[in-house]
Amino acid sequence: MPRMPTLPPIALAALLLAPPAAEKPARQAKETYAVFVTSRGKIAARLLPEEAPVGVRNFVELATGKKEWTDPRTQKPSKAPLYDGTLFHRVIPGFMIQGGDPMTRGQPTEPDMRYGVSGPGFRFADELKAGTTPFAGPCQLAYANSGPNTNGSQFFITEVATAHLNPRACSSPSGVCGYVRFGVGVCGCERVREIALAGAAKVRLEKVQVVSQKPSCD
């Protein structure tokens, strides 16, 4: 076995007294925001890829025209920004506003029984964790669904805390049911109530902007 070299006393003391190497600062994750430009002003949310990576990527790609979807009116593929020109087709004051139905793109601002039943032509799985409370506060951005693993393009923004929407035990394959939160409001949240009070299919989502700097909703 090779012998370890013996350091002179002075060198050994210098080694023991040397300050530890400075740790590199942790790299801050890049933040992404979605700005909902509506006919009643802006609402902005910070997206949460650490919580719902698939859900965030799906929303961003549909909003920016990077993901193909099927237009329910023509049954043809499209890569137009899905959310531009859609309506908040279902609103409940004191609860939430819901949008993202591609059937409402460019349609008149009048309630229609067809609204709220369409999607992008695909579904993706839930990203839920038992025991978490994503809806403990107001202005949460999440996917609407019709049961486990039926997320598509429709979303909702809560007006108030909605604890009954938090993940819960159920008989689904994962054992957890609920709504996938993928963003939290940072400004303009007072407009959720305004849109809800305006009534179903009365407010248009003119476009969704995806930005990397915290936006202003003035």
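The preceding data block contains the structure.
For every chain, the first residue of the written sequence is number 1, and numbering continues from 1 along that sequence. Where local features are concerned, this predicted model is filtered to residues with pLDDT of at least 70; where side-chain atom pairs are given and counted, the filter is 80 or more; whole-chain, interface and lining totals use all residues. Remark: hydrogens and water are excluded; side-chain values derive from all non-hydrogen atoms of the structure.

What to know about the state of the cysteines
This is how the line gets drawn: What counts as a disulfide here is a pair of cysteine sulfur atoms lying within 2.5 Å. Helix and strand assignments follow DSSP, with helices taken as H or I runs no shorter than four residues and strands as E runs no shorter than two, numbered in order from the N terminus.
A complete count under the given rule lists 3 disulfides for this structure. Sulfur-sulfur distance for the disulfide between Cys139 and Cys189 comes to 2.1 Å. Here the disulfide of Cys139 and Cys189 is left-handed, its torsion about the S-S bond being about -90 degrees. Of this pair, Cys139 sits in the loop between β7 (96-99) and β8 (140-143) while Cys189 sits in the loop between β12 (181-187) and α3 (190-198), and the two are 50 residues apart along the sequence.

Comments concerning the layout of surface pockets
Where we set the bar: Cavities and pockets are defined on a 1 Å grid built over the protein atoms alone: a cavity is a set of grid points where a 1.4 Å probe fits but cannot escape, while a pocket is an open set with protein on both sides within 12 Å along at least five of seven lines, and lining residues are those with an atom within 4 Å of any such point. Grid points are joined across faces, edges and corners, and a volume is the space filled by probe spheres set on the points. The nonpolar class holds Ala, Val, Leu, Ile, Met, Phe, Trp, Tyr, Cys and Pro. Asp, Glu, Lys and Arg form the charged class, and all remaining residues, Gly among them, are polar.
Put simply, the largest pocket is a space of about 280 Å³. In terms of lining residues, the largest pocket is bounded by 17 residues, among which Val117, Ser118, Gly119, Thr150 and Gln154 are the most central. Of the residues belonging to the lining of the largest pocket, the class tally is 4 nonpolar, 12 polar and 1 charged.

Details of the pairing of strand β13 (residues 204-211)
Counted only if it meets this: Pairing between two strands requires that DSSP report at least two bridges joining them.
In the sheet, strand β1 (residues 33-38) pairs with β13 via 6 bridges, with the strands oriented antiparallel. Residue pairing in the sheet places Val35 in a bridge with Gln209 of β13. Where strand β5 (residues 86-87) lies against β13, 2 bridges are found, and the strand directions are antiparallel. Each bridged residue has a counterpart across the sheet, and for Leu87 the counterpart in β13 is Arg204.

Here's the deal with the sheet that holds strand β2 (residues 41-47)
Threshold: The contact criterion used is simple: two residues touch if any of their non-hydrogen atoms lie within 4.5 Å. Only the stretch in contact is used when fitting a helix axis, every axis being a line fitted to C-alpha atoms; angles between N-to-C directions are given from 0 to 180 degrees.
The antiparallel open sheet is built from 9 strands, whose spatial order is β5-β13-β1-β2-β12-β8-β9-β7-β6. On the outer flanks of this sheet lie β5 and β6 (90-92), each paired with one strand and no other. Looking at chain direction, β8 and β12 are connected through 3 bridges and run antiparallel. What sits directly across from Gln140, in β12, is Val184. Sitting on the sheet, helix α2 (residues 53-64) touches β1, β2, β8, β9 (155-158), β12 and β13, and the angle it makes with β13 is about 115 degrees. Across the sheet, α3 lies against β1, β2, β6, β7 and β9, angled at about 125 degrees from β2, the strand it touches most.

Looking at unusual backbone geometry
Of note, Cys139 is a non-glycine position whose phi angle comes to about 60 degrees, a positive value. One non-glycine residue, Asn149, adopts positive backbone phi at about 60 degrees. The topology assignment puts Asn149 in the loop between β8 and β9.

Some remarks on the side chain of Thr104
The cut-off we apply is this: Exposure is judged per residue with a 1.4 Å probe applied to protein chains only, and the accessible area is read against the type maximum: over 50% gives exposed, under 20% gives buried, and values in between give partly exposed. Distance and chemistry together define a polar contact, namely a pair of N or O atoms within 3.5 Å, with one atom able to donate a hydrogen and the other to accept it when in protein, and with adjacent residues in sequence counting only for side-chain atoms on both sides.
Among the secondary structure elements, Thr104 is positioned in the loop between β7 and β8. Accessibility expressed as a relative area gives 0% for Thr104, which makes it buried. At 2.8 Å, the side chain of Thr104 and the backbone oxygen of Asp101 are in polar contact. Every residue in contact with Thr104, bar those within four places of it in the chain, is listed here: Gly85, Thr86, Leu87, His89, Tyr115 and Arg204.

Thoughts on the environment of Gly152
Its location among the elements puts Gly152 in the loop between β8 and β9. Since its relative accessible area comes to 7%, Gly152 is described here as buried. Each C-alpha atom of the pair Gly152 and Asn58 lies 8.3 Å from the other, and the pair is 94 residues apart in sequence. Not counting chain neighbours up to four residues away, the residues in contact with Gly152 comprise Asn58, Leu62, Pro120, Phe122, Phe124 and Tyr143.

Points about α2
Defined as follows: Multiplying 1.5 Å by the helix residue count minus one yields the expected span of that helix.
For α2, with 12 residues, the first-to-last C-alpha span of 16 Å sits near the 16 Å given by 1.5 Å per residue. Along α2, the positions that sit buried rather than exposed are Gly55, Val56, Asn58, Phe59, Val60, Leu62 and Ala63. Following α2 by one or two positions, Gly65 has its phi on the positive side, about 80 degrees.

Note that every value here comes from positions in space, so none of it alone points to a role or purpose.
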